[in-house]
Amino acid sequence: MSMLFTLLLPSAFAQQERLEAPGASLSAEDGAAAPWVNPANLGFDPDASLGVWYQQGFSQTTGAANSQFAVATSGGGTGVGLVYKNDLNGTPWWGFSSALSVRMPENFRLGANLTWNLPEGANNNFVSWDLGVGYRPFPWLGFGGVAQNIGNPAPNLGVWARYGLSATVRPLRDRLELSVDWLNTDDSAQSILGADELNQITGTIRLKPTSGLVLRGQGSTNPAFSSYTVGAGLEIYFDGLGGGAWAQPQDLEFMAYAVTGEEDERLFGAGRRVPIVNLDQGFPYQPDTGFLAAPAESYVHLLERLRKASEDRHVKGLVLDLSGPPLSWAQIEEVRDAIDAVQAQGKPVVAFLSGSPSNGAYYLASTCDQVYLHPAGGLDLIGLSLESQFYRGVLDTVGVEPQFSKRAEYKSAPEQWTNTEPSEGSREQMNALADDLYAALVGGIADGRGMDEDAVKTLIDEGPFSGEEALAKGLVDGLVYPDSLEEHLEGVFVRGFELDADYRLIDQHSGWKAHRQVAIIYVDGPIVSGPSSSGGLLSGANTGADTVVSYLRSAQEDSSVKAIVLRVDSPGGSAFASDEIWRAVELVQEAGKPVIVSMGGVAASGGYYVAAGSDAIYAEPSTITGSIGVYSGHFSLGGLYEKLGVEYELYTRGRNASMYSMSKPLDPVEEAAVDRLVGVTYDQFKSRVAEGRGMSMEEVEEVARGRVWTGVDAKEVGLVDELGGLQDAIARAKTDAGLSADDEVELVTYRGSPNSFGEVPAEAVRTFFTPDLELPDDIAAWLPYAPLAEERVLMILPQRIEVN
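In this text, all values refer to a predicted model and were calculated from it rather than measured experimentally.

Cut-offs and rules
- Residues numbered from 1 in each chain as written.
- Predicted model: local features only at pLDDT ≥ 70, side-chain atom pairs only at ≥ 80, totals over all residues.
- Heavy atoms only, no water.
- Helix = DSSP H or I, 4+ residues; strand = E, 2+ residues; numbered from the N terminus.
- Buried < 20%, exposed > 50% of the residue type's maximum accessible area, 1.4 Å probe, protein only.
- Contact = heavy atoms within 4.5 Å.
- Areas by Shrake-Rupley, 256 points an atom, 1.4 Å probe, with all protein chains shown as cover.
- Expected span 1.5 Å × (residues − 1).
- Patch = residues over 30% accessible without salt bridge, like charges linked within 9 Å, V, L, I, M, F, W, Y side chains within 5 Å.
- Salt bridge = Lys/Arg side-chain N within 4 Å of Asp/Glu carboxyl O.
- Phe/Tyr/Trp six-rings, centres within 6.5 Å; stacked < 30°, edge-to-face > 60°.
- Polar contact = N/O pair within 3.5 Å; in protein donor to acceptor, adjacent residues only side chain to side chain.
- Axes fitted to C-alpha atoms, helices over the stretch in contact; angles between N-to-C directions.
- Parallel < 35°, antiparallel > 145°, perpendicular 65-115°, else oblique.
- Left-handed = near helix turned anticlockwise from the far one by under 90°.
- Nonpolar A, V, L, I, M, F, W, Y, C, P; charged D, E, K, R; others polar.
- Pairing = 2+ DSSP bridges.
- Core = buried A, V, L, I, M, F, W, Y, C linked by side-chain atoms within 4.5 Å.
- Lys, Arg positive; Asp, Glu negative; His and termini not counted.
- Charge placed at Lys NZ, Arg CZ, Asp CG, Glu CD.
- pLDDT = per-residue confidence, 0-100.

1. Here we look at the overall build of the chain
No. 1: Looking only at helices and strands, one finds 20 helices and 39 strands in the chain.
No. 2: Considering the chain as a whole, with its 804 residues, one finds that 53% of them fall into the buried category.
No. 3: Counting contacts in the chain only where the partners sit at least 6 residues apart, residues at least 24 apart contribute 64% of the total.
No. 4: Here the chain has roughly 33,200 Å² of accessible surface; of this, 54% comes from carbon and sulfur atoms.

Below, the structure is given as C-alpha cells:
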C-alpha cells in the first residue's frame, strides 16, 4: 500500500480547499490522500487506507499561526476526506471531499473528486471539481495528470484552476521512488501570485532503507529558479500503523500525521507472535462477494498464510483450532505439508481439537508437536468407508429405461443407473482406492505420533474414543478447555508469546503492479460449456469453459504474468468444454509461458483432460485422478408415460431424428451412432494424453479405460510428474519461467467476466466476503451437474468421494 502524501508547494501558493500533506506526487499517491492529489490513483490500490494529518504554520513576518487538520479514508476505487483549516487571520474553513476512480484498459485509471467548501462568511460556500488520469504501464514507471478546481470556482478566496503532469520511476521498486511534477495555475492568479509563481516544478524522493522506516525529501521551484521550497520527513511503522513528521523550515511549517500501512511493516520490536488458525470454516478457492455477507478466506490464501508464518521471524509457533475441517483428503495432506514447513523452521505447532474430531481432523492434527482435546469431546478415529449407490431398481419400478455407452470397463459412472450392483472393474478400483487412502491415514498417524503402523491399525479398530480413552491410548497429549489453553501453551512456546487470531487474515497490496506475477486459475467443480457459475439457492457452482479460457487469455497477454498454475479440483464434465480449456492451455504455451497443473482433491476424467497438455502435473498422494474415459447416455420415459397414461406421437424427417427423444428407447441403429461418437471422443481423449505426457496410444490405453488412480499410483504409471501441492507447483512455475524457486512473486487470480474492453483484470490472492447460505448436502451435491443435462458426451468421475 502506498503511503499518504500530497504535493508540497510554497505557502503563498497553497490553496485553501485541499490538504497540503507532505511529499506526494500526482503519479504516485494512491492512498487515503489521493482524492486531493489525483483521484484517478484510487483505482490502483484495492485496499482500505486511513490517514490523519495535523499541520501547524507561522507567518514569517507577523508570527501569526495557522493550522490544518485532515482525515481521509479510501479503498476499492473510492475515497472521502474532511479538511478543517484556520488561516493566518484565524478564519475557519471546512472542506468535504468525495472521489471515485474508474478502471480503464491497459492499466489506465480515470478519476473525479467533488469538494464542498464551507469557508466562514456569508455567501462564500462553493463546490469545486477535480479530474485526474493515472497510467502505470510498468511496475517501475507511472504517469499522472490532473485538472483541479475546474472553472476557477472561488478566485476571490485564493482558489484557482490549476493543471498538473507528473512522472514517477521506481528503480528499486518500493525501496526507492523518484517523482517529478509540474503544476500550472490559471493566469487569473497572476496579479496575486506573480507571473513567476504560476508554474511550479517539484521533485520528490521516497526511500525505504529498511522495513518500517520511510524517508522523504522534496524540493519545489519555479522555472526561473527565483524561489524555492524544500522539506524533509520520516515515517515509522509498527504492525500496519505508521507515524510521520514533516518539516518545511523556510515556510515555518510543520506536520505530524498517522497513516495505515502493511501489517508486516515494523521498525522496532521483533515480537513473539503465535498465530491461531481456525480450520473448521470453509475455504473455497474463490469466495463469492455479496452484500451482508460473512468473511471467507480462500484456500490459497490459507496456504500463503501458513507459508509466511514459516518464514516470518516474528512468528514463534502456530496453533490450529479444528474439529472437522471441510477439506478433501488431498487438501489435508497439503496443509500437513505446510505445517511440516513451519516445524522445519524450529517453530512448534499445537492442535486443539473440539467436538468429535473426524478421521481427517485427527490425521491433520497428528503431525503437530502437541495435540490437545476438549475434555467433553471424543475422537471419531474409526477408519474409512466408501459407498456406492445404484438406482436401477427405482428406475425399473417407475418405468424409466437407461441406455448408456461407455469407454471402457472401469468407466463406472453409468452403472449407478444401469446396474443393481457394481461391476468387477468398479469393485477393483474402489478397493484399490480404499487401500491407498487407508494407508495414507495409518502412515500419517504413525509418523506424527511416533507409533508403529500395526499399533495404529489396532487403535483404529478400537475407535471411536472418549477424551479420557484418547489420552490413555496416547492419541492426544492433554485434555484442555479453551479458556485454559494459553496456560498449557506456556511450556511449548517461547516466554512472552502473544496469540494472534488475525495473523495476515487481511493482506495489504501495493498500488503498483508487481513486475513478477504467477497467475492461479481454477478449474473447480463440474466442467460445463459457457460461463462459470458460483451457484445460488437452486443452482450449484461449476466451472465454465468460456470463463477459464478468458482467464487464460488474460494471463497470456499480461507481460507481468510469468507463468500460470492451473489448479484443478474437478471430477470432469462436458467433453466439449474440457477440450476448449485444453486448447487454451496449448495457446498459452505457444506464447512462451509455462503452465503447471496443481491437482486438488480430485482431477479426474475431464479434470485430467484439461491438465494433460500442461508442462508438469503435481498431485498429492491421495489426489483422485485419471478416469480417462467417456460415456453418453439416454433415459427413455416411455414406460413411465404408460404408467401415467401419457400418450405421444412423433413426426420425424431423417433416420435418427428422434434419437434424443425421451419418449422412446434408442433402437439398435441409434445406439450404434451413440457408441460411435463415444469411441471417437475416447480416442481424442487418449490422443491428448499421449501428446501431453509423451506416451504412445498403446501406453495410454493401459492406464486409461476409465480407471481411477490415486496420486501416488498415478505417478508410478506416468500420469503425474511429481507428488506435491500448490506451493510445489508455484515453485516449479517460477523455475520454468526462468526465475529462482525462492524469488518472491505476487500470486494473482481472476474473477468475473471480461469487461467492456474485453479484459479480465487480475487481482491479488486475498480474503473476500461470501454469503452464508447452505442447502442440504444431498441436494447441493447434485446442483452443480445440472448444466450437463444438455451435453451429449461426458467425461466425469463415477463417484463423489468424501473422507471424513
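Further notes follow.
2. Some points on helix 3 (residues 299-311)
Three- or four-residue spacings in an α-helix give side chains the same orientation, since the helix completes a turn every 3.6 residues.
No. 1: With 13 residues, helix 3 extends 19 Å between its outermost C-alpha atoms, agreeing within 8% with the 18 Å of an ideal straight helix rising 1.5 Å per residue.
No. 2: For helix 3, the tally of buried residues reaches eleven of 13 residues, placing the bulk of the element in the interior.
No. 3: All of the buried residues in helix 3 are Tyr299, Val300, His301, Leu302, Leu303, Glu304, Arg305, Leu306, Arg307, Ala309 and Ser310.

3. Focus on a nonpolar patch on the surface
No. 1: Judged by side-chain polarity, Trp94, Phe96, Trp116, Leu118, Val127, Trp129, Leu131 and Ile150 come together as a nonpolar surface patch covering roughly 740 Å² of accessible area.
No. 2: Among the elements that make up the nonpolar patch, the one with the highest residue count is strand 6 (residues 126-138) (three residues).
No. 3: Among the structural elements, Trp116 can be located in strand 5 (residues 108-119).

4. Section: helix 12 (residues 545-557)
No. 1: Helix length check: helix 12, at 13 residues, gives a terminal C-alpha distance of 18 Å against a target of 18 Å (1.5 Å per residue), a fit within 8%.
No. 2: All buried positions along helix 12 are accounted for by Ala545, Thr547, Val548, Val549, Ser550, Tyr551, Leu552, Ser554 and Ala555.
No. 3: Residues of helix 12 that are buried make contact with strand 25 (517-524), strand 26 (527-528), strand 27 (543-544), strand 28 (561-570), helix 13 (575-590) and strand 36 (746-750).

5. Description of the packing of aromatic side chains
No. 1: Using the criterion set out here, one finds 18 aromatic pairs in the structure.
No. 2: Judged by centre distance (5.6 Å) and plane angle (90 degrees), the ring pair of Trp417 and Phe635 falls under edge-to-face. Here Trp417 is found in helix 7 (residues 415-418), whereas its partner Phe635 is found in strand 33 (residues 630-636), with 218 residues between them in sequence.
No. 3: Residue classification places Trp417 among the partly exposed positions, given a relative accessible area of 23%.
No. 4: Ring pairing ties together the aromatic residues Tyr391, Phe404, Trp417, Tyr631 and Phe635, which thus form one cluster.

6. Quick word on the side chain of Asn117
No. 1: Considering the arrangement of structural elements, one finds Asn117 in strand 5.
No. 2: Residue classification places Asn117 among the buried residues on the basis of a relative accessible area of 0%.
No. 3: A distance of 3.4 Å separates the side chain of Asn117 from the backbone oxygen of Thr115, its partner in a polar contact.

7. Details of the packing of helix 3 against helix 4 (residues 329-344)
No. 1: Remark: helix 3 packs on helix 4, axes separated minimally by 8 Å, with the N-to-C direction vectors making an angle of 20 degrees. In terms of orientation, helix 3 and helix 4 fall into the roughly parallel class. Our pair here, helix 3 against helix 4, has a crossing hand that is left-handed. Residues Tyr299, Leu303, Leu306 and Ser310 of helix 3 form the contact with helix 4, whose participating residues are Gln331, Glu334, Val335, Ala338, Ala341 and Val342.
No. 2: When the residues that make up the contact of helix 3 with helix 4 are grouped by side-chain class, the tally is seven nonpolar, two polar and one charged.

8. Overview of the side chain of Ser423
No. 1: Residue placement: Ser423 occurs in the loop between helix 7 and helix 8 (424-449).
No. 2: Among the polar contacts listed, one links the side chain of Ser423 to the side chain of Glu415, at a separation of 2.5 Å.

9. Things to note about the pattern of salt bridges
No. 1: All chains considered together, the criterion is met by 30 salt bridges.
No. 2: Here Arg170 and Glu177 are joined by a salt bridge, their closest N and O atoms 3.2 Å apart.

10. Re the sheet that holds strand 19 (residues 370-373)
No. 1: Spatial ordering of the open sheet is given by 23-19-18-17-15-24, a layout of six strands whose pairing is parallel. For this open sheet the edge positions go to strand 23 (478-479) and strand 24 (498-500), each flanked by a neighbour on one side alone.
No. 2: Looking at chain direction, strand 15 (residues 273-278) and strand 24 are connected through three bridges and run parallel. Paired with Val274 across the bridge in strand 24 is Leu499.

11. Some points on the pairing of strand 33
No. 1: Most of strand 33 sits inside the fold, with five of its seven residues counted as buried.
No. 2: Here seven bridges tie strand 21 (residues 401-407) to strand 33, and the two strands are oriented antiparallel to one another. Its bridge partner being in strand 33, Phe404 is matched across the sheet by Gly633.

12. Quick look at the environment of Arg504
No. 1: Considering the arrangement of structural elements, one finds Arg504 in the loop between strand 24 and strand 25.
No. 2: Given the relative accessible area of 12%, Arg504 is considered buried.
No. 3: Each C-alpha atom, one on Arg504 and one on Glu304, is 9.3 Å from the other, the two residues being 200 residues apart in sequence.
No. 4: A polar atom in the side chain of Arg504 sits 3.5 Å from the side chain of Tyr503.

13. Considerations on the nonpolar core
No. 1: Core analysis: the biggest nonpolar cluster contains 65 residues, and Leu279, Leu320 and Val335 have the highest contact counts within it.
No. 2: Here this core gets seven residues from one element, more than from any other, and that element is helix 8.
No. 3: Discounting chain neighbours no more than four positions away, the residues touching Val335 are Leu279, Tyr299, Leu303, Leu306, Leu327 and Leu364.
No. 4: Core analysis: the second largest hydrophobic core is formed by 52 residues, Val549, Tyr551, Ala555 and Leu719 among them.

14. Focus: the packing of helix 8 against helix 9 (residues 453-462)
Helix packing geometry: the angle between the two helix axes and the distance between the axes.
No. 1: At a closest axis distance of 9 Å, the pairing of helix 8 and helix 9 adopts a crossing angle of 110 degrees. Here helix 9 runs roughly perpendicular to helix 8, going by the angle between their axes. In this structure, helix 8 meets helix 9 at a crossing whose hand is right-handed. Here helix 8 contributes Tyr438, Leu441, Val442, Gly443, Ile445 and Ala446 to the contact with helix 9, which in turn contributes Glu453, Val456, Lys457 and Ile460.
No. 2: Considered class by class, the residues forming the contact of helix 8 with helix 9 number seven nonpolar, one polar and two charged.

15. So, a negative patch on the surface
No. 1: Taken together, the side chains of Asp337, Asp340, Glu722 and Asp728 present a region of like negative charge at the surface.
No. 2: Considering the arrangement of structural elements, one finds Asp340 in helix 4.

16. As for unusual backbone geometry
No. 1: The peptide bond linking Arg407 to Ala408 adopts the cis configuration, its omega dihedral lying at 0 degrees.
No. 2: In this model, Gly463 is joined to Pro464 through a cis peptide bond whose omega is 5 degrees.
No. 3: Relative to the helices and strands, Pro464 resides in the loop between helix 9 and strand 22 (465-466).

17. Focus: the confidence of the model for the chain
No. 1: Mean pLDDT over the chain stands at 86; residues scoring 70 or higher make up 87%.
No. 2: When mean pLDDT is compared element by element in the chain, strand 31 (residues 616-619) scores highest at 98, while strand 38 (residues 767-770) scores lowest at 36.
No. 3: Note that residues 1-14 has pLDDT below 50 and, in this model, 82 contacts with residues that lie over four places away or in other chains.
No. 4: Here residues 766-780 scores under 50 on pLDDT; set against residues more than four positions off or in separate chains, the count is 36 contacts.

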